[in-house]
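Residues per chain, in single letters:
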Amino acid sequence: MDGPLILNEIIPWLKRKKRARMFFKVDIEKAYDSLKWKFLDSVMEQMKFPIRWRKWIMATVTCARASVLVNGSPTQEFPCFRGLRQEDPLSPFLFIITMEALSCVVKRACDIGLFDGIRCKADGPILSHFMYADDVVKQLERLRKDFLWGSDPEHGKMSWVAWQKIMAPIDVGGVGIGSLKEANIALLAKWWWRFKVDGPCLWRSVIWNLYSSSRQWCDIPVRLSAPGIWKQVTGISKDLWDMEVDLPGLFKGILGSGTNIHFWKDRWALEKPLQLVFPNLFRLERVKNSLVANRVRVEGGIMVLSFEWVREPGSSEELLELEGLLLIMGDVNLGSGMDKWEWKADQSGVYSVRSLRTEMQNTIYPVQEGGFIWHTWASLKNEETTDHLFLSCGLAQAVWDSVSRWCRISPVYAFESKDLVRMHHHLSGSFKWKKVIFTIVQTTVWCMWRCRNEVVFNQKQANVARLVEEIRALGFLWVRSRAKLQEMSWEMWCSFNLPV
């Protein structure tokens, strides 16, 4: 899939830049049947395959026999003298080996100046050739519907059940055949994962040279004005956000040497990028795309922070954020190994299409019974449920009472935890104001969960007043950066007199 992606990005880029280039598309499908066996053996010899291994391979290739159908009846078999067997699982790998020879010839032609490849930027990779399989899949959803209902283009039949219910998982009352749209989004999201973990490969270098910019602070490079497949790949984050799935939030950097993780825009120290948690400091940063290794280093066993400010932080908000940043950096352990990426939606930490589809299905198709039940960590006798933790216990009720009075809304009454995430839909106010309430609900749940863990694991005492103040402070940082309410002051936030 790397080849089609590169091709579909390079051609629009050349048109936009008005650069004249020539492309040759060569169909090598027939070469599969006309490959000379001596050439295959010669390529394997030059690639230093052992003689015994080559003899084994050539024995499987040269024993091929075929026959011809004449009036529906096969003739006597005759030996073949070239080509690879169709449907043989070994044949595609042998064909790739021989195509490596063509790749080397084209590369050599570029080296001696017979023709030039395409270079995106002065320091970008040279594109001279690439190979890929060109397959097209059309109207799959319509074919699935016709197959299920027994329809055809000439004779349609009634759909007895809503298609949404047919696609829904079995455990929520559906048939479980799945949505092709969800599958397509999950497959496109794998490009996000590959961009994080693939390292300096060709397709990633092309995308970086075409779309990266020092003024751009997205998780992956994108230019909305540019056509091409990559724009669709980056656009799925909005589709997932509409499904209440935060795609960038599912990636987390595991710090090694800090040479492949961006200090401000990647998620590595906190659940959110530092540019969103400390927006005032980020404005002062001179190099927005700086890496962790550019800002954190170890000298003589001591961690040293090094920033390049446009000017030194001076306002009270900037100094407050700087104090919080230094506190967070105190827990950072900079090593010498490779930086890694973790996919939080799967226990293995590695991206899988199934895990993202599960995330989407959990928001699209409501669970019909029961909430999640936690293990008996808080009590050895009674099971602790999310409903009790966030709603029923005395601490939770006191916190929600304080939060509702601060936000000037009716007292929070919820029977299940999932009612909390829908609460803002039933309040009167602008869309932006409802999003603020939703963020405060999320912040409250997060702070109560952290408080509960401190009580259980560190034997600390829970304090309602301190917990509410933590919710107010953390919510201020999140809302002010996330909702772009830069004009909102701390006093306005405390009195909940918001400019929305």
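Figured I'd write up the structure that's included with this text. Predicted model, so just to flag it, every value in this text is computed and none were measured.

**Looking at the overall build of the protein**
(1) Moving on: Scanning the protein for helices and strands turns up 20 helices and 10 strands.
(2) Moving on: Here the protein holds 500 residues, and 38% of them are scored as buried.
(3) Moving on: Once local pairs closer than 6 in sequence are excluded, the contacts in the protein between residues at least 24 apart make up 62%.

**Looking at the packing of helix α18 (residues 431-458) against helix α19 (residues 464-482)**
(1) Moving on: Packing of α18 against α19 brings their axes to within 9 Å, and their N-to-C directions diverge by 135°. Compared by their axis directions, α18 and α19 come out oblique. Relative to α19, the crossing made by α18 is right-handed. Two secondary-structure elements touch here, α18 through Val436, Thr439, Thr443, Thr444, Trp446, Cys447, Met448, Arg450 and Cys451 and α19 through Leu467, Glu470, Ile471, Leu474, Gly475, Trp478 and Val479.
(2) Moving on: Tallied by class, the residues present in the contact of α18 with α19 amount to 10 nonpolar, four polar and two charged.

**A closer look at the pattern of salt bridges**
(1) Moving on: Using the criterion set out here, one finds 14 salt bridges in the structure.
(2) Moving on: With its nearest N and O atoms 2.8 Å apart, the salt bridge here joins Arg311 to Glu318.
(3) Moving on: Residue classification places Glu318 among the buried residues on the basis of a relative accessible area of 7%.
(4) Moving on: Linking Glu454 and Lys460 is a salt bridge whose minimum nitrogen-to-oxygen distance equals 3.5 Å.

**A word on helix α14 (residues 316-329)**
Because the α-helix completes a turn every 3.6 residues, residues three or four places apart line up on one side.
(1) Moving on: Between its terminal C-alpha atoms α14 stretches 20 Å, which fits the 20 Å expected from 14 residues at 1.5 Å a residue.
(2) Moving on: Looking only at α14, the buried set comprises Glu318, Glu321, Leu322, Leu325, Ile328 and Met329. Buried residues of α14, seen end-on, are gathered within an arc of 120° and therefore sit on one face of the element. Facing away from the buried side of α14 by more than 90 degrees, the exposed set consists of Ser316, Leu320, Glu323 and Leu327.

**Here we look at the pairing of strand β10 (residues 340-343)**
(1) Moving on: Burial along β10 is one-sided: Trp341 and Trp343 are buried, while Lys340 and Glu342, pointing the other way, are not.
(2) Moving on: By the bridge criterion, four bridges tie strand β7 (residues 251-254) to β10 in an arrangement that is antiparallel. For Gly253, the partnering residue across the bridge sits in β10 and is Trp341.

**Overview of the nonpolar core**
One broad trend across soluble globular proteins is that nonpolar side chains are buried collectively.
(1) Moving on: Ranked by internal contacts, the top residues of the largest apolar core, which has 55 residues, are Ile10, Trp230, Phe263, Trp264, Leu325, Met329 and Leu356.
(2) Moving on: The element that contributes the greatest number of residues to this core is helix α8 (residues 180-197), accounting for eight residues.
(3) Moving on: Each residue touching Met329, except ones within four places of it in the same chain, is listed here: Phe263, Trp268, Ala269, Leu274, Val296, Met303 and Leu305.

**Things to note about the side chain of Ser290**
(1) Moving on: Residue position: Ser290 is located in the loop between α12 (279-284) and α13 (292-295).
(2) Moving on: Discounting chain neighbours no more than four positions away, the residues touching Ser290 are His262, Phe263, Trp264, Glu285 and Arg295.

**Concerning the packing of aromatic side chains**
(1) Moving on: Counted according to the given criterion, the structure contains 14 aromatic pairs.
(2) Moving on: Here Phe263 and Trp264 contribute two aromatic rings whose centre-to-centre distance is 5.0 Å and whose plane-to-plane angle is 80°, an arrangement assigned as edge-to-face.
(3) Moving on: Relative accessible area serves as the criterion here: at 0%, Trp264 is assigned to the buried category.
(4) Moving on: Ring plane angle 75° and centroid distance 5.2 Å describe the contact between Trp406 and Trp493, whose orientation is recorded as edge-to-face. Taken together, the residues Trp406 in helix α17 (residues 394-407) and Trp493 in helix α20 (residues 490-494) connect sequence positions 87 residues apart.
(5) Moving on: Note on Trp406: relative accessible area 6%, which makes it buried.

**Observations regarding the pairing of strand β9 (residues 302-305)**
For a regular strand, the rule is simple: side chains alternate between the two faces of the sheet.
(1) Moving on: Both strand β8 (residues 296-299) and β9 contribute to a ladder of four bridges, which runs antiparallel. Bridged to Val298 within β9 is Met303.
(2) Moving on: Taking the residues between adjacent antiparallel strands as the criterion, β8 and β9 are bridged by two residues, where Gly300 takes a positive phi near 60°.

**Points about the environment of Asp331**
(1) Moving on: Along the polypeptide, Asp331 turns up in the loop between α14 and β10.
(2) Moving on: A sequence separation of 62 residues divides Asp331 from Ala269, and the C-alpha atoms of the two residues are 8.7 Å apart.

**Quick notes on helix α10 (residues 229-242)**
(1) Moving on: Between its first and last C-alpha atoms α10 spans 21 Å; for 14 residues at 1.5 Å apiece the expected length is 20 Å, and the two agree.
(2) Moving on: By the largest-angle criterion, Gly235 marks the main kink of α10, which is about 25°.
(3) Moving on: Turning to α10, its buried residues number three or more, namely Trp230, Val233, Thr234, Ile236 and Leu240.
(4) Moving on: Just beyond α10, the residue with positive phi is Glu244, at close to 65°.

**A look at unusual backbone geometry**
(1) Moving on: A positive phi angle, near 65°, is found at Glu244, a position not held by glycine.
(2) Moving on: Mapped onto the elements of the fold, Glu244 is located in the loop between α10 and β7.
(3) Moving on: A positive phi is found at Arg408, a non-glycine position, where the angle reads about 60°.
(4) Moving on: The residue Arg408 is located in the loop between α17 and α18 in this model.

**A word on the packing of α8 against helix α9 (residues 202-211)**
(1) Moving on: Where α8 contacts α9, the axes come no closer than 10 Å and their chain directions differ by 95°. Taken together, the axis directions place α8 and α9 in an arrangement best described as roughly perpendicular. Only Trp203, Arg204, Ile207 and Trp208 of α9 make contact with α8, whose side of the interface consists of Trp191, Arg194 and Phe195.
(2) Moving on: Residues belonging to the contact of α8 with α9 are distributed by class as follows: five nonpolar, no polar and two charged.

**A word on the state of the cysteines**
(1) Moving on: Scanning all chains against the criterion turns up zero disulfides.
(2) Moving on: No disulfide involves Cys393; its sulfur sits 9.3 Å from that of Cys451, the nearest cysteine.
(3) Moving on: Cys393 sits in the buried class, given a relative accessible area of 18%.

Criteria and thresholds
- Residues numbered from 1 in each chain as written.
- Predicted model: local features only at pLDDT ≥ 70, side-chain atom pairs only at ≥ 80, totals over all residues.
- Heavy atoms only, no water.
- Helix = DSSP H or I, 4+ residues; strand = E, 2+ residues; numbered from the N terminus.
- Buried < 20%, exposed > 50% of the residue type's maximum accessible area, 1.4 Å probe, protein only.
- Contact = heavy atoms within 4.5 Å.
- Axes fitted to C-alpha atoms, helices over the stretch in contact; angles between N-to-C directions.
- Parallel < 35°, antiparallel > 145°, perpendicular 65-115°, else oblique.
- Left-handed = near helix turned anticlockwise from the far one by under 90°.
- Nonpolar A, V, L, I, M, F, W, Y, C, P; charged D, E, K, R; others polar.
- Salt bridge = Lys/Arg side-chain N within 4 Å of Asp/Glu carboxyl O.
- Expected span 1.5 Å × (residues − 1).
- Arc of directions from axis to C-beta.
- Pairing = 2+ DSSP bridges.
- Core = buried A, V, L, I, M, F, W, Y, C linked by side-chain atoms within 4.5 Å.
- Phe/Tyr/Trp six-rings, centres within 6.5 Å; stacked < 30°, edge-to-face > 60°.
- Bend = angle between axes of the 7 residues up to and from the residue.
- Disulfide = S-S within 2.5 Å.

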